[in-house]
Amino acid sequence: MSRLPARLQPLWPLVKRGHRVGARVIGSAGRRTVGPARGLPRTATTTSRETERLEPASVRIHSLSPAQVLHRPMPPGDPADADFLRRHTEARIPERAVLDLAGGALLGRHAAVVTAGGILDLETSHYFGISGWKEHPVFWNPWPAAEQRVDGTVAVLAARGTGGNYYHFVTDALPRIGMLREALPDVEPDVWVLDRGARYQRELLALLGVEPERVVEPGPGLHLRARRLLVPSLPNAEMLAPPQSQEWLAARLPPSPAASDLPERIYVTRGTTPNTRRLVSEDATWERLERRGFARVDPGTLSVQEQVDTFAAARVVVAPHGAALTNLVFCRPGVRLLELFAPGYAVHCYWTITANIPGSRYRYLVARTPERTGDNELMQDIELGPDEIEAAVDELLAS
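S.K.: Would you explain the sheet that holds strand β14 (residues 265-268) in this entry?
M.R.: Sheet strands line up and pair through hydrogen bonds in the backbone, either parallel or antiparallel. Strands sit in the order β4-β18-β17-β16-β14-β15 across an open sheet of 6 strands; the sheet is parallel. The open sheet has two edge strands with one neighbour each: β4 (77-78) and β15 (295-297). The sheet strands contacting helix α11 (residues 386-398) are β14, β16 (316-320), β17 (336-341) and β18 (361-366), and the helix crosses β17 at an angle near 155 degrees.

S.K.: Is there a simple way to think about the layout of surface pockets in this case?
M.R.: Empty space among the atoms becomes visible once a probe the size of a water molecule is rolled across them. The space that makes up the second largest pocket amounts to roughly 520 Å³. Lining the second largest pocket are 27 residues; nearest its centre among them are Thr 46, Thr 47, Pro 94, Glu 123 and Leu 234. Going through the elements one at a time, α2 (48-54), β5 (90-93) and β6 (96-102) are the ones with two or more residues in the lining of the second largest pocket. In terms of residue count, the dominant contributor to the lining of the second largest pocket is β6 (3 residues).

S.K.: Please explain the packing of aromatic side chains as it appears in this structure.
M.R.: Under the definition given, this model contains 8 aromatic pairs. Summarising the aromatic geometry, the rings of Phe 169 and Tyr 200 are spaced 6.0 Å apart at their centres and angled 75 degrees between planes, so their arrangement reads as edge-to-face. One end of the pair, Phe 169, is in helix α4 (residues 166-173); the other, Tyr 200, is in helix α6 (residues 199-207), and 31 residues separate them in sequence. In terms of burial, Phe 169 and Tyr 200 fall into one category: buried. Through a chain of ring-to-ring contacts, the aromatic side chains of Phe 84, Phe 341 and Tyr 364 assemble into a single cluster.

S.K.: Explain the packing of helix α5 (residues 175-183) against helix α7 (residues 243-252) to me, please; I cannot follow it from the model alone.
M.R.: How two helices sit against one another is set out by the angle between their axes and by the gap between those axes. Where α5 meets α7, the closest approach of the two axes is 9 Å, and the angle between their N-to-C directions is 100 degrees. With respect to their mutual orientation, α5 and α7 come out roughly perpendicular. Judged by residue contacts, Pro 175, Ile 177 and Gly 178 of α5 engage Ser 245, Trp 248 and Leu 249 from α7. Per-class residue counts for the contact of α5 with α7 are 4 nonpolar, 2 polar and no charged.

S.K.: What am I meant to see in the pattern of salt bridges here?
M.R.: Where charged atoms of side chains with opposite charge meet at close range, the side chains can pair. Under the defined criterion, the tally for this structure stands at 22 salt bridges. The salt bridge involving Arg 368 is made with Asp 78; its shortest N-O contact spans 2.4 Å. Here the residue Arg 368 occupies a position in the loop between β18 and α11, and Asp 78 occupies one in strand β4, the gap between them amounting to 290 residues. Residue classification places Arg 368 among the exposed positions, given a relative accessible area of 60%. The exposure class of Asp 78 is partly exposed, given its relative accessible area of 28%.

Cut-offs applied
- Within each chain, residue numbers correspond to sequence positions counted from 1 in written order.
- Predicted model: local features are reported for residues with pLDDT of at least 70 only, side-chain atom pairs are reported and counted for 80 or more only, and whole-chain, interface and lining totals are derived from all residues.
- The basis for every side-chain value is the complete set of non-hydrogen atoms in the structure, without hydrogens or water.
- Strand pairing is assigned whenever DSSP detects at least two bridges linking the two strands.
- Going along the chain from the N terminus, every DSSP run of H or I of four or more residues is numbered as a helix, and every run of E of two or more is numbered as a strand.
- Contacts between residues were defined by any pair of non-hydrogen atoms, one from each residue, lying within 4.5 Å.
- Lines fitted to C-alpha atoms define the axes here, with helix axes fitted over just the stretch in contact, and angles between the N-to-C directions of these axes take values from 0 to 180 degrees.
- Buriedness for pockets is judged along seven lines, at least five of which must meet protein on both sides within 12 Å for an open set on the 1 Å grid over protein atoms alone, while cavities are sets there where a 1.4 Å probe fits but cannot get out, and lining residues have an atom within 4 Å of a point.
- Grid points are joined across faces, edges and corners, and a volume is the space filled by probe spheres set on the points.
- Within 6.5 Å between ring centres, the rings of Phe, Tyr and Trp (the latter by its six-membered ring) count as paired, and their orientation is classed by plane angle as stacked under 30 degrees, edge-to-face over 60, tilted in between.
- Exposure is judged per residue with a 1.4 Å probe applied to protein chains only, and the accessible area is read against the type maximum: over 50% gives exposed, under 20% gives buried, and values in between give partly exposed.
- Angular relationships are summarised with four words: roughly parallel below 35 degrees, roughly antiparallel beyond 145, roughly perpendicular across 65 to 115, and oblique for the angles in between.
- Polar here means any residue outside two lists: the nonpolar Ala, Val, Leu, Ile, Met, Phe, Trp, Tyr, Cys and Pro, and the charged Asp, Glu, Lys and Arg; Gly therefore counts as polar.
- Any Lys or Arg side-chain nitrogen found within 4 Å of a carboxyl oxygen on Asp or Glu counts as a salt bridge.

Below you can see the structure in the form of structure tokens.
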């Protein structure tokens, strides 16, 4: 999600292009005048295996499982055979592994991973929408702060998107705990690098037993170098929902006994603020859903445990596309989901989560209203009529 205020969301495409160009220009100057002397990466690799090959004396990979290819059948929806799902029916999940760096460093808000020899490991430093390593936002700061040395073991959970987005924090950051403990069960890090500024982050970390006094939060000035840096891979970088990660989350964050008393049919609201991917016809649509036994849920008002419980109890979910659907990882077998999209931003990530749940049913509905030139596609509101939503819900219930 863009960090721009709602009234400035239409400017997002221009801001994004400027961000990429700025990283190239500023980074080019920084690599010439500052370079490795201040910790700035001098070059990069596209895979961690390549990083290991180039620096075998200081880089080791602990492999957990090889890359795998998943085949997921195309779900029903409107328009039929939508390309945003079709192109992910065959999905390659990359190798699950932990990168073990002697003298490795972390730089910047997104915890860019840099080897002792100055190589940016792009696979574990993945960033959205860049065309190459020179556009990575780490280069926006050509004068990193003086490095902070840790004479011990540092584990990094933070990555792009984990600072302020519930989906990325849950699906990208948290499963890295499980990967680390699976690969190195006898190693307890001295320091965890991860975000904990939001209430949901603190609640999740408490549920998972991560002690706050051992946490360092990433920020623009982060420049940390560790005697031993452990970096679990990012198997969900393409939002393909690795089954192992989803299984780990469901096992470690179980519902409470209160879940048994919660509604089995829920509608997940995104509120009424324009340019937030809201459902424009929500009031009229809600009247019809309520007659079918749905309860309206605003996950932003719930604790993490209450969100887990709400989705664990749900048998049918209707929702506009949004981060609250991350909680599908806690749903029981047989859950049914109708996901609503604007035409400019239809994404596969919650279908892939649902596809991992045995006996689940997924259906999608994309608005046909034309995209408006200049809008931020990422936050475009959803203009679907109550009649078409009602028909799709009935088809979902009948399936």
